[in-house]
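What follows is each chain in one-letter form.
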Amino acid sequence: MWHELAAALQETLYMVTVSTVFSVLSGFALAVVMVLTCARGLRPNAAVYATLDLLVNLLRSFPFIILMIAIIPLTRFVAGTSIGSTASIVPLTIAATPFAARIMEGSLMEVDAGVVEAARSFGARDLRIVFGVMVPEAMPSIVLNIAVVAINLLGCSAMAGAVGGGGLGDLAVKYGYNRFQTDVMAYSVLALVAVVQVIQGVGTAIYRRMR
Amino acid sequence: MIEADGISKRFGEQEVLRDVSFSVGPGDIFGIVGCSGAGKSTLLRCLNGLEAYDGGSVRVMGREVASMTERELRALRREMGMIFQNFNLMERKNVEENIAWPLEVWKTPRNEIVRRVGDLLDLVGLAEKRTEKIRNLSGGQKQRVGIARALALNPKILLCDEATSALDPKTTLSILELLRDINRRFTVTVLLVTHQMEAVKTACHRVLLLDQGRVTGSGRTEDLFLAPPASLKKLVRDEYAVVPTGINIRLMFPREIARESIITGMARELGIDFSVIGGRLERYRDDILGFLIINVRREDFDRVQRYLGEHRLFWEAPDDVA
């Protein structure tokens, strides 16, 4: 059992880490464009903002399990298969990107408008303001939000696991639920709890150091 | 230095600035005064293009702000430093990093930045705090960092947006003193937006009064405060306006001359009694001016008026006596 548990934990960590990296990167790019183009932004553009805003809302309205099934053709195209940990990274990334975009947009919007104005007052360029002022000032809050995204993905990965993605979710359902091995179920849950604690702990620690 | 001619600006339906005209000469400390919502801060932002104006013209150092390209506008802002009520410093950078920031934006060589930041730290008296985090500073120290940052690019004009409004009276004075010092030593033209009369009196050579986006008065500071127009009185609203009976007369002492003997002389000469209601000495930059409010009986008013006229004292009756 310990062997299976270790393998499952490894699969879970793999899925969560890779999909967190991808969704944070693409979510960050989306967030930057949204913050630039929103009505109070440095380059207001109602059309671009409204499109992205709609896209983000649209993707976020899918429950993960449905999204995962709906995009199976895409998953197969990207990963070559629709089963296994690597394949499940595709739906995980697509599900978490709009979420990451939305909360990082929030982090960037919270940056004191006065500091942005100060940068404009001595002639800084818009991109310089975004990457030299808004992103660094929002960084502590972005770090906390990355932890939120990762924990959210951990939850989704258990779901992905249950339908063939492997990982702790898979283990818990297969052994703990279907074969009534309560101890496996309990250890899977404990492992999930531990992973959440570690992610949040690291996030909070980095946040404290940055502030 | 700055010529504004008939600026107007609206936010949607609301007119924020209506036909505002003024001019600021090089080396002036120019006050823009009004209560909150009068349009002062918006006016200030029209000068460096942070806000666009809808009508009229603003010429800074001979060039129309509205017709500038983005690139020209950034070059203009390089010549115009700005400080803010809430300091607007980067919390995650320390003191010297904040001051160096504009220099980095304009790609100043590293050794030049180090030298310039050192000079500025000395100028604002924060040399010992150079690596301190912003959140460990007091309000006055934060504003000093703001001033150093605004001066980093050697601007010709310094725009101050309620720069002392978040500070206590003593710190306010020290910041104003610093601004005057900078104005004198580097002949930087200073525009001071404020609602604090003390700030105006301490620092400004000339003043523009703004009320609901309209100019309601302008002139030299001393002239305005010695014979305040109605719009200024509305702002000052001193505590001596209460009239028991009779008529209050406010006497102004433009220079430190023994005017008091004239007042006591008046009592002897006219054979009248009056009561002293209040008075104060105030600093106007380096001058000390004073006023005294006396209360005379209604029937004596004409004679008092004539006497004060003969002795060429500035005076006014704060209550409406036609």
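Residues numbered from 1 in each chain as written. Chains lettered and ligands numbered in written order. Predicted model: local features only at pLDDT ≥ 70, side-chain atom pairs only at ≥ 80, totals over all residues.

### Digging into the overall build of chain B
Then step 1. From N to C terminus, chain B includes 11 helices and 14 strands.
Then step 2. If you line up chain B on its principal axes, its C-alpha atoms span 75 × 45 × 30 Å.
Then step 3. Across the 322 residues of chain B, 37% fall into the buried class.
Then step 4. Here the analysis covers contacts within chain B between residues at least 6 apart in sequence; of these, 68% occur between residues at least 24 apart. (Helix = DSSP H or I, 4+ residues; strand = E, 2+ residues; numbered from the N terminus. Buried ≥ 20, exposed ≤ 12 C-beta atoms within 10 Å, placed from the backbone. Contact = placed C-beta atoms within 7 Å.)

### Side note on the overall build of chain A
Then step 1. Along its length, chain A carries nine helices and zero strands.
Then step 2. Projecting the C-alpha coordinates of chain A onto the three principal axes gives extents of approximately 65 × 40 × 25 Å.
Then step 3. Expressed as a percentage of contacts within chain A between residues at least 6 apart in sequence, the contacts between residues at least 24 apart total 68%.

### So, the sheet that holds strand S4 (residues 55-60) of chain B
Either a parallel or an antiparallel arrangement is found when strands of a sheet pair, and the pairing is made through backbone hydrogen bonds.
Residues and elements named next belong to chain B.
Then step 1. Read from one edge of the open sheet, four strands run S2-S1-S4-S5, paired in antiparallel fashion. With one partner strand each, in any of the chains shown, strand S2 (14-24) and strand S5 (63-64) form the two edges of the open sheet.
Then step 2. As paired strands, S4 and S5 are joined by two bridges and run antiparallel to one another. What sits directly across from valine 60, in S5, is arginine 63. (Pairing = 2+ DSSP bridges.)

### Describing the pairing of S4 of chain B
The side chains of a regular strand alternate, residue by residue, between the two faces of the sheet.
Residue and element names in this part refer to chain B.
Then step 1. Direction of pairing for strand S1 (residues 2-11) relative to S4: antiparallel, over a ladder of five bridges. What sits directly across from serine 8, in S4, is glycine 55.
Then step 2. Between S4 and S5, which pair antiparallel in sequence order, lie two residues; one of them, methionine 61, sits at a positive phi of approximately 50 degrees.

### Regarding the interface of chain B and chain A
Then step 1. With 17 residues of chain B at the contact, the number on the chain A side is 14 residues.
Then step 2. Mapped by element, the contributors of at least two residues to the side of chain B that touches chain A are helix H2 (70-78), strand S6 (80-84) and helix H3 (95-105) of chain B.
Then step 3. The greatest single-element share of the side of chain B that touches chain A, amounting to four residues, is contributed by H2 of chain B.

### What to know about the nonpolar core
All names here are of chain B.
Then step 1. Core analysis: the biggest nonpolar cluster contains 129 residues, and Cys160, Leu191 and Leu192 have the highest contact counts within it.
Then step 2. Among all residues touching cysteine 160, those that are not within four sequence positions of it are Ile83, Leu179, Val190, Leu191, Leu192 and Val193.
Then step 3. Residues Ile249, Leu292, Ile293 and Val296 belong to the second largest nonpolar core, which totals 10 residues. (Core = buried A, V, L, I, M, F, W, Y, C linked by C-beta atoms within 7 Å.)

### Regarding the sheet that holds strand S3 (residues 29-33) of chain B
Residues and elements named next belong to chain B.
Then step 1. Taken in spatial order, the six strands make up an open sheet running S6-S7-S8-S3-S9-S10, and their pairing is mixed. Of all the strands in the sheet, the pair left with one neighbour each is S6 and strand S10 (214-220). Ignoring which end each strand starts from, the neighbouring axes of this sheet average 15 degrees apart.
Then step 2. Examined bridge by bridge, S3 and strand S8 (residues 189-194) share five bridges and lie parallel to one another. Pairing of glycine 31 across the sheet is with leucine 192, part of S8.
Then step 3. Those strands touched by helix H5 (residues 139-151) are S6 and strand S7 (157-161), and its axis lies near 165 degrees from that of S6. (Axes fitted to C-alpha atoms, helices over the stretch in contact; angles between N-to-C directions.)

### With respect to the packing of helix H1 (residues 2-37) of chain A against helix H2 (residues 46-60) of chain A
Residues and elements named next belong to chain A.
Then step 1. Put simply, H1 and H2 touch, their axes get as near as 9 Å, and they point 140 degrees apart. Between H1 and H2, the angle is such that the two are oblique. The two elements H1 and H2 meet at a crossing, and its hand is left-handed. Seen from H1, the contacting residues are Leu30, Val33, Met34 and Thr37; seen from H2, they are Val48, Tyr49 and Leu52.
Then step 2. Per-class residue counts for the contact of H1 with H2 are six nonpolar, one polar and no charged. (Parallel < 35°, antiparallel > 145°, perpendicular 65-115°, else oblique. Left-handed = near helix turned anticlockwise from the far one by under 90°. Nonpolar A, V, L, I, M, F, W, Y, C, P; charged D, E, K, R; others polar.)

### Quick notes on unusual backbone geometry
All names here are of chain B.
Then step 1. The backbone of asparagine 88 sits at a positive phi, close to 50 degrees, despite the residue not being glycine.
Then step 2. Turning to its location among the elements, asparagine 88 is positioned in the loop between S6 and H3.
Then step 3. In the Ramachandran plot, asparagine 154 falls in the positive-phi region, its phi being about 55 degrees despite a non-glycine side chain.
Then step 4. Within the fold, asparagine 154 resides in the loop between H5 and S7.

### Here's the deal with the packing of H3 of chain B against H5 of chain B
Residues and elements named next belong to chain B.
Then step 1. H5 packs onto H3 with a crossing angle of 30 degrees between their chain directions and a minimal axis gap of 7 Å. As judged from the angle between their axes, H3 and H5 are roughly parallel. For the crossing formed where H3 meets H5, the hand is right-handed. Here Val95, Asn98, Ile99, Trp101 and Pro102 of H3 lie close against H5, whose contacting residues are Val145, Ala148 and Arg149.

### Some thoughts on the domain arrangement of chain B
Often the size quoted for an interface is simply the accessible area lost on bringing the parts together.
All names here are of chain B.
Then step 1. For chain B, the domain assignment lists domain 1 (2-233) and domain 2 (240-316).
Then step 2. Distance between the C-alpha centres of domain 1 and domain 2: 37 Å.
Then step 3. Tallying the contact residues gives eight residues for domain 1 and 10 residues for domain 2.
Then step 4. Counting residues per element, the ones that place at least two in the side of domain 1 that touches domain 2 are helix H7 (197-203) and helix H8 (221-226). (Domains from an automatic or database assignment.)

### Considering the environment of valine 48 of chain A
Residues and elements named next belong to chain A.
Then step 1. The residue valine 48 is located in helix H2 in this model.
Then step 2. Among the residues examined, valine 48 registers 15 C-beta atoms within 10 Å and is labelled partly exposed.
Then step 3. As a C-alpha pair, valine 48 and threonine 37 span 11 residues in sequence and 6.8 Å in three-dimensional space.
Then step 4. Apart from residues lying up to four places away in sequence, valine 48 is in contact with Val33 and Thr37.

### Here we look at the pairing of S10 of chain B
All names here are of chain B.
Then step 1. Sheet topology places strand S9 (residues 206-211) next to S10; six bridges connect them, and they run antiparallel. Among the inter-strand pairings, arginine 206 is bridged to a residue of S10, identified as arginine 220.
Then step 2. The turn linking S9 back onto S10 is made up of two residues, and glutamine 212 within it adopts a positive phi angle of 50 degrees.

### Structural notes on the environment of arginine 92 of chain B
Then step 1. Mapped onto the secondary structure, arginine 92 of chain B falls in the loop between S6 and H3.
Then step 2. Take arginine 92 of chain B: there are 19 C-beta atoms within 10 Å of it, and that puts it in the partly exposed class.
Then step 3. The spatial distance from the C-alpha of arginine 92 of chain B to the C-alpha of methionine 252 of chain B is 50 Å, given a sequence separation of 160 residues.
Then step 4. Leaving out residues up to four positions away in the same chain, arginine 92 of chain B has contacts with Pro136 and Glu137 of chain A.

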